Amino acid sequence: MYAAVEALGGARFDIVYTGRGSLIWLPDLVRWARVVSGLLVDGGALYLVEFHPLTDTLDDDGTRVVEDYFQPGAETFDSPHTYTDGPPLTRTVSVQWLHPLGEVVTALAGAGLRIAFLREHPTTAFQRYPALERDETRGYAFPEGHPRIPLMYSLRAVKEGGGH
């Protein structure tokens, strides 16, 4: 990913999309944001949809905060399967980095992108916690009467310049 500008021969795009669950695999968001900016034409935009980092602080039931939101460094996991429970892996160790929301926004702003919007959503793409129920958007949300937290977020960041 960090070599995308070179790998694509310097091509520039109107839209770059980064999707659900991708940022945890990246140790350096400042570098990622520079790559995104390098892939955009002036006036082009990044559209990012991501799981909210607050959800990584909760226990498996989604009822208690058990992890540090500002946890420094990486987490290493050793599991014989991926999160999709596919066939057994030959390489079982994975590394993930948790990025607070402010780190994401600051990295993008530092790369010359203007945040057009940042929206936090009370729904998510899968039943991460037992209390979540499928809602009318075909996502999952805490039921009526249950305290809600942001489960996902989306943002649009625009590359300024060129009179756009």
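Everything that follows concerns the structure shown earlier in this document.
Residues numbered from 1 in each chain as written. Predicted model: local features only at pLDDT ≥ 70, side-chain atom pairs only at ≥ 80, totals over all residues. Heavy atoms only, no water.

(A) Just the packing of aromatic side chains, in detail. Evaluated as defined, the whole model comprises five aromatic pairs. Consider the rings of Y47 and F117, whose centres lie 6.3 Å apart with planes at 65 degrees: the pair is edge-to-face. Residue Y47 is found in strand β2 (residues 40–51), and its partner F117 is found in strand β5 (residues 113–121); the two are separated by 70 residues along the sequence. A ring pair is formed by F51 and F126, whose centres lie 5.6 Å apart and whose planes are at 80 degrees; its orientation type is edge-to-face. Of this pair, F51 sits in strand β2 while F126 sits in the loop between β6 (123–124) and β7 (133–134); the two residues are 75 residues apart in sequence, bridging distant segments of the chain. Aromatic ring contacts, followed pair by pair, group Y17, Y47 and F117 into a single cluster. (Phe/Tyr/Trp six-rings, centres within 6.5 Å; stacked < 30°, edge-to-face > 60°. Helix = DSSP H or I, 4+ residues; strand = E, 2+ residues; numbered from the N terminus.)

(B) Up close: a nonpolar patch on the surface. Where nonpolar side chains cluster on the molecular surface, the patch consists of I15, Y17 and Y47 and spans about 340 Å² of accessible area. Given the relative accessible area of 33%, Y47 is considered partly exposed. (Patch = residues over 30% accessible without salt bridge, like charges linked within 9 Å, V, L, I, M, F, W, Y side chains within 5 Å. Areas by Shrake-Rupley, 256 points an atom, 1.4 Å probe, with all protein chains shown as cover. Salt bridge = Lys/Arg side-chain N within 4 Å of Asp/Glu carboxyl O. Buried < 20%, exposed > 50% of the residue type's maximum accessible area, 1.4 Å probe, protein only.)

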